[in-house]
Amino acid sequence: MAVFVAAGLLAPLVAPYPYAAQDLISALKPPLSPHHLLGTDQFGRDLFSRILFGARTSFLFAIGVTILSVLLGVVVGGIAGYFGGIIDLILAAIVDLMWAFPIVLAAVLFVGLLGPGLTPSALAITVVNWAGTARIVRGEVISLREREFVEAARALGRGHLFIVFRHMIPNALPAVLVLASFSMGIAILVEASLSFIGLGAQPPLPSWGGLLSEGWGYNRYAPWLV
């Protein structure tokens, strides 16, 4: 898995051809053809190179979305869990609303407002996906806010935000990191789904979902595209 991820992230160094380089004379070459390990697509573009660059697109997209989701979720969940009361009720209601909103539907709404592309897709996934992190952090902070080290920090005159971000959130990070690993997988799947229906990465930028969509019409003649 590490080799696979590294190959995607280092695609410009590993790929034998630029992902957009066309050679119509070599269109729809089958796998193991001379000079093309996995064959070519309908425009003669090297499929192996496009898969590597598609992996790069998906990984970088997932990393960016996960970082944004985790940061937003940690801030909201930490504040809600620490202060409690009306602040917790309001933020918890917002979290529940976001948690119930389908990611793909949110992406379609953002694409309708901003146009197709990776940026609207990333915003949509971030807006929905941070809620899971917020719920986890809120629960961890609630369990920690009456502990002795928190009381000691209050007795020393530390401010609320210092206590939250210096003492509580670091104790919640192990659970957040586990959730973040799942969030990356979700982000990759959603980005591929949106690209498959034309709402994610736009040509000629390759994406796994976009590659599936482009090859779908050639199943009878060039099934290796899919």
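Being a predicted model, the structure only gives us computed values, none of them experimental. (Residues numbered from 1 in each chain as written. Predicted model: local features only at pLDDT ≥ 70, side-chain atom pairs only at ≥ 80, totals over all residues. Heavy atoms only, no water.)

Draft legend 1. A look at the packing of aromatic side chains. Under the definition given, this model contains four aromatic pairs. Between the aromatic rings of Phe59 and Trp208, the centroid separation amounts to 5.9 Å while the plane-to-plane angle is 80 degrees, which identifies the pairing as edge-to-face. You can see Phe59 sitting in helix α3 (residues 47–83) and its partner Trp208 sitting in helix α9 (residues 208–216), a full 149 residues away along the chain. The exposure class assigned to Trp208 is partly exposed, which follows from its relative accessible area of 23%. When the ring of Phe196 is compared with that of Trp216, the centres are 6.2 Å apart and the planes differ by 85 degrees; the resulting orientation is edge-to-face. Within this pair, whereas Phe196 is found in helix α8 (residues 160–196), its partner Trp216 is found in helix α9, the two being separated by 20 residues in sequence. (Phe/Tyr/Trp six-rings, centres within 6.5 Å; stacked < 30°, edge-to-face > 60°. Helix = DSSP H or I, 4+ residues; strand = E, 2+ residues; numbered from the N terminus. Buried < 20%, exposed > 50% of the residue type's maximum accessible area, 1.4 Å probe, protein only.)

Draft legend 2. Fine view of the nonpolar core. Phe61, Val65, Ile103, Ile125, Val190 and Leu194 are the most contacted members of the largest nonpolar core, which has 18 residues in total. Of all the secondary-structure elements, those providing two or more residues to this core are α3, α5 (103–114), α6 (118–144) and α8. In terms of residue count, α3 provides more of this core than any other element does, five residues in total. If near-sequence neighbours (up to four positions away) are discounted, Ile103 is found in contact with Ile125, Val128, Asn129, Ile186 and Val190. (Core = buried A, V, L, I, M, F, W, Y, C linked by side-chain atoms within 4.5 Å. Contact = heavy atoms within 4.5 Å.)

Draft legend 3. Here's a closer look at helix α4 (residues 85–99). End to end, α4 covers 21 Å across 15 residues, agreeing with the expected 21 Å (1.5 Å per residue, within 8%). Listed in full, the buried residues belonging to α4 are Asp88, Leu91, Ala92, Val95 and Met98. In a view along the axis of α4, the buried residues occupy a sector of 120 degrees, so they form one face of it. Among the exposed residues of α4, those pointing more than 90 degrees away from its buried face are Ile86, Leu89 and Leu97. Buried positions along α4 lie against α3 and α6. (Expected span 1.5 Å × (residues − 1). Arc of directions from axis to C-beta.)

The values reported here are purely geometric and, on their own, carry no functional implication.
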